[in-house]
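Structure assessment
Each chain, letter by letter, is given below.
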Amino acid sequence: MELQRDVEALREAGINLVTISYDSQEAIKRFSDAFGISFTMLSDEGSIVIERFNLLNPVPQWGMEFGVDDPEMAETFRTYVSVTRPNELFVGISFPGTFILDTSGIVQERHFEDFYIERNTIASVLLRRGEDLDPIEAMQVTTPQFNLTTYTSNTALAFGNRFALMFDIEPLEDMHVYAPGADDYQVVSLNLDPNPYIQEMAMDYQEAVDYYFEPFDETIPVYLQPFSLIQELVFDGDPSTQQALRGQESITLTGSLEYQACSSTFCYPPASIPLFWTMELRDLVFRRPMTEEQ
Amino acid sequence: MKATTTFLLAIGFLLSFSLFAQPETIDLSTRGPQVGETLPEFSLPDQNGDLWTQESILGENGTMLVFLRSADW
């Protein structure tokens, strides 16, 4: 199971991992035993707590009441429940969401998926929190203006995963890299080559500083100190994608980091660094654990 | 006057019924506790039958609480 694979990284970071679902305690016990789950799985049979959290997904009920013949309803059902037909089994499920709580139980972050099969990977969530992870193979590039280290949040991807490309950039002495808002310059950005199975989210930029550039007598937003960029991506979970990539063992993304950097006295022209990232492909666990009778 | 009031109440009842009966737009941003809020109270059993609350799930450096659709399918 996706969560079990990364639970140690959370444990080492001192973070408890707890799940809640509408399954019976027996079903959770069966699943936990079958897959060697070592984190806490809570049973909310009857969905009382899920409803109290305002996370009860009403779409399965709509599917049962109204059917999915109407194209709009069919799309809603497909997005929030399943690509299969409405079934009583789905009634009572929660929206899949992740909440990061501090030590007092106050919500620090919330992550929801736009499509039922998308899942924020633990690695992706930890990276956003700035937690250290096990070493992941990284690509390092040195330019005359900065050192770049880029890597993926996950070494392996399952269909529907939300993951991230990370960029750690360390400007060399007296160098600055142009940040969003520096309209007359090439702002540091990722130009990812189109991939039909990858959806690009907005780039997460760290806050920049205002810098006075004496040669042009202007103040512009730049990065002077080491900074990180996080590009979140979603690996499509549609059955057609799973079909198209069946048998493929890895996926490689290509693109380039576009940027412009200057020193206090000299401005370099815009430049581009070609990059690539390769991740293994793996399956999501969707099957029901076998019961003793089966 | 009484007939008019009854008629308006009947229209109101029918209108409210039709509003609740029709699927609404899903807005996930309004669902669940927001950033800065605490969790509602709960007490639920885990896979071993032990009970956990919104307080006892808290870890040394925090907690990741994941709502799963189902562990069983």
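Just above, that's the structure.
Residues numbered from 1 in each chain as written. Chains lettered and ligands numbered in written order. Predicted model: local features only at pLDDT ≥ 70, side-chain atom pairs only at ≥ 80, totals over all residues. Heavy atoms only, no water.

1. Considering helix α5 (residues 59-66) of chain A
All names here are of chain A. Buried within α5 we find Val-59, Pro-60, Trp-62 and Gly-63. Mapping the buried residues of α5 onto a view down its axis gives an arc of 160°, with all of them on the same face. Against α6 (71-80) lie the buried residues of α5. Just beyond α5, the residue with positive phi is Gly-67, at close to 75°. (Buried < 20%, exposed > 50% of the residue type's maximum accessible area, 1.4 Å probe, protein only. Helix = DSSP H or I, 4+ residues; strand = E, 2+ residues; numbered from the N terminus. Arc of directions from axis to C-beta. Contact = heavy atoms within 4.5 Å.)

2. Thoughts on the state of the cysteines
All names here are of chain A. The full count for this structure, using the stated rule, is one disulfide over all chains. Sulfur-sulfur distance for the disulfide between Cys-262 and Cys-267 comes to 1.9 Å. One quick way to see it: the torsion about the S-S bond of Cys-262 and Cys-267 is about 45°, and its sign makes the bridge right-handed. For Cys-267, a relative accessible area of 22% translates into the label partly exposed. (Disulfide = S-S within 2.5 Å.)

3. Things to note about the packing of aromatic side chains
Taken as a whole and assessed by the stated rule, the structure comprises 12 aromatic pairs over all chains. Here Phe-99 of chain A and Phe-67 of chain B contribute two aromatic rings whose centre-to-centre distance is 6.0 Å and whose plane-to-plane angle is 80°, an arrangement assigned as edge-to-face. On the criterion of chain membership, the pair formed by Phe-99 of chain A in strand β3 (residues 97-101) and Phe-67 of chain B in strand β3 (residues 63-67) is interchain, its members lying in two chains. Assigned by exposure class, Phe-99 of chain A and Phe-67 of chain B land together as buried. Relative to Tyr-185 of chain A, the ring of Tyr-178 of chain A lies with its centre 3.9 Å away and its plane at 10°, an arrangement referred to as stacked. Residue class for Tyr-185 of chain A comes out buried when judged on its relative accessible area of 12%. In this structure an aromatic cluster arises from ring pairing among Phe-53 and Phe-99 of chain A together with Phe-42 and Phe-67 of chain B. (Phe/Tyr/Trp six-rings, centres within 6.5 Å; stacked < 30°, edge-to-face > 60°.)

4. What about the pattern of salt bridges?
Residues and elements named next belong to chain A. Applying the stated criterion across every chain yields a total of two salt bridges over all chains. Residues Glu-8 and Arg-11 are paired through a salt bridge, measuring 3.1 Å at the closest nitrogen-oxygen approach. With Glu-8 and Arg-11 both in helix α2 (residues 7-12), this residue pair falls three residues apart, about one helical turn. A relative accessible area of 40% means that Glu-8 is categorised as partly exposed. Lys-29 is paired through a salt bridge with Asp-33; the nearest N and O atoms lie 3.4 Å apart. Residue Lys-29 and its partner Asp-33 are both found in helix α3 (residues 25-35); the two are separated by four residues, about one turn of the helix. What makes Lys-29 partly exposed here is its relative accessible area of 34%. Judged by relative accessible area, which is 51%, Asp-33 ranks as exposed. (Salt bridge = Lys/Arg side-chain N within 4 Å of Asp/Glu carboxyl O.)

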